[in-house]
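Architecture and fold: a report
Each chain, letter by letter, is given below.
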Amino acid sequence: MLFITKSVEFSASHRLYNPEWDFQKNQEVYDKCNNPNGHGHNYVLEVTVKGKPNPDTGYVIDLKKLKDILVKKVLIHLDHKHLNVDVDFLKGVIPTVENISVLIWDIVKPHITDGELYKLKLYETPNSWVEYYGEPVEIKRFGNEQ
Ligand code: NI
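Let us look at the structure shown here. (Residues numbered from 1 in each chain as written. Predicted model: local features only at pLDDT ≥ 70, side-chain atom pairs only at ≥ 80, totals over all residues. Heavy atoms only, no water.)

A few words on the coordination of the nickel ion. At the metal site, the nickel ion is ligated by His14 (NE2), His39 (NE2) and His41 (NE2), and these contacts range over 2.0 Å. Read in sequence order, the donor residues coordinating the nickel ion give the pattern H-x24-H-x1-H. With histidine 14 in strand S1 (residues 2-14) and histidine 41 in strand S2 (residues 39-51), this pair connects stretches of sequence that are 27 residues apart. Histidine 41 shares its class with histidine 14; the two are buried. (Donors = N, O, S within 2.8 Å, 3.2 Å for Na, K, Ca; no water. Helix = DSSP H or I, 4+ residues; strand = E, 2+ residues; numbered from the N terminus. Buried < 20%, exposed > 50% of the residue type's maximum accessible area, 1.4 Å probe, protein only.)

Attention shifts here to the environment of tyrosine 43. Topologically, tyrosine 43 is positioned in strand S2. Among the residues examined, tyrosine 43 registers a relative accessible area of 0% and is labelled buried. A C-alpha to C-alpha distance of 9.2 Å links tyrosine 43 and tryptophan 129, two positions 86 residues apart in sequence. The residues contacting tyrosine 43, other than those within four sequence positions of it, are Val8, Glu9, Phe10, Ala12, His14, Leu83, Ile100, Leu122, Tyr123 and Glu124. In terms of polar contacts, tyrosine 43 uses its side chain to reach the side chain of glutamate 124, at 3.4 Å. (Contact = heavy atoms within 4.5 Å. Polar contact = N/O pair within 3.5 Å; in protein donor to acceptor, adjacent residues only side chain to side chain.)

We now examine the pattern of salt bridges. Applying the stated criterion across every chain yields a total of six salt bridges. In this structure, aspartate 114 engages lysine 65 in a salt bridge whose closest nitrogen and oxygen atoms are separated by 3.4 Å. Linking aspartate 114 in the loop between helix H3 (97-108) and strand S4 (116-125) with lysine 65 in helix H2 (residues 63-78), this pair joins segments that are 49 residues apart in sequence. (Salt bridge = Lys/Arg side-chain N within 4 Å of Asp/Glu carboxyl O.)

Let us look at H3. Its 12 residues give H3 an end-to-end C-alpha distance of 16 Å, which sits within 8% of 16 Å, the value for a rise of 1.5 Å per residue. Most of H3 sits inside the fold, with nine of its 12 residues counted as buried. Every buried residue belonging to H3 is among Val97, Asn99, Ile100, Ser101, Val102, Leu103, Ile104, Trp105 and Val108, and all of these are buried. Next to the buried residues of H3 lie S2, H2, S4 and strand S5 (128-132). (Expected span 1.5 Å × (residues − 1).)

The next thing to look at is the pairing of S1. Direction of pairing for S1 relative to S2: antiparallel, over a ladder of 13 bridges. Its bridge partner being in S2, histidine 14 is matched across the sheet by histidine 39. Pairing between S1 and strand S3 (residues 81-82): two bridges, direction parallel. Each bridged residue has a counterpart across the sheet, and for serine 13 the counterpart in S3 is histidine 82. (Pairing = 2+ DSSP bridges.)

As structure tokens, then:
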């Protein structure tokens, strides 16, 4: 079995804030990430597909196709956006790198028809990232605007 990865980047802003808590509690939990007007990150998304090379192409998945899926299905929604207000699939979700990763997985998975989606790695900074392998995770959606 082989594991092939495509890496793409996007820039976005967000605010980490639980609408069920007061400002003080949010400040204690999220500190600078609770800045009311948000702050930005240059995210790096790595998507790994597992499979055997197609005998005729030599590809597990054509990386141009994989990039196309990531650009058209994911980055179009996230790049240069405010994750708390601009992104339908993040509505009501605290936009941590953890939650974003789980929801990106759900978007990408049905589009991978060559090989199988194996791992999603999302860097929020060069020193901080999440790895997700698709185990079901419940993401809380809050009713109020954040
Ligand atoms: Ni942040």
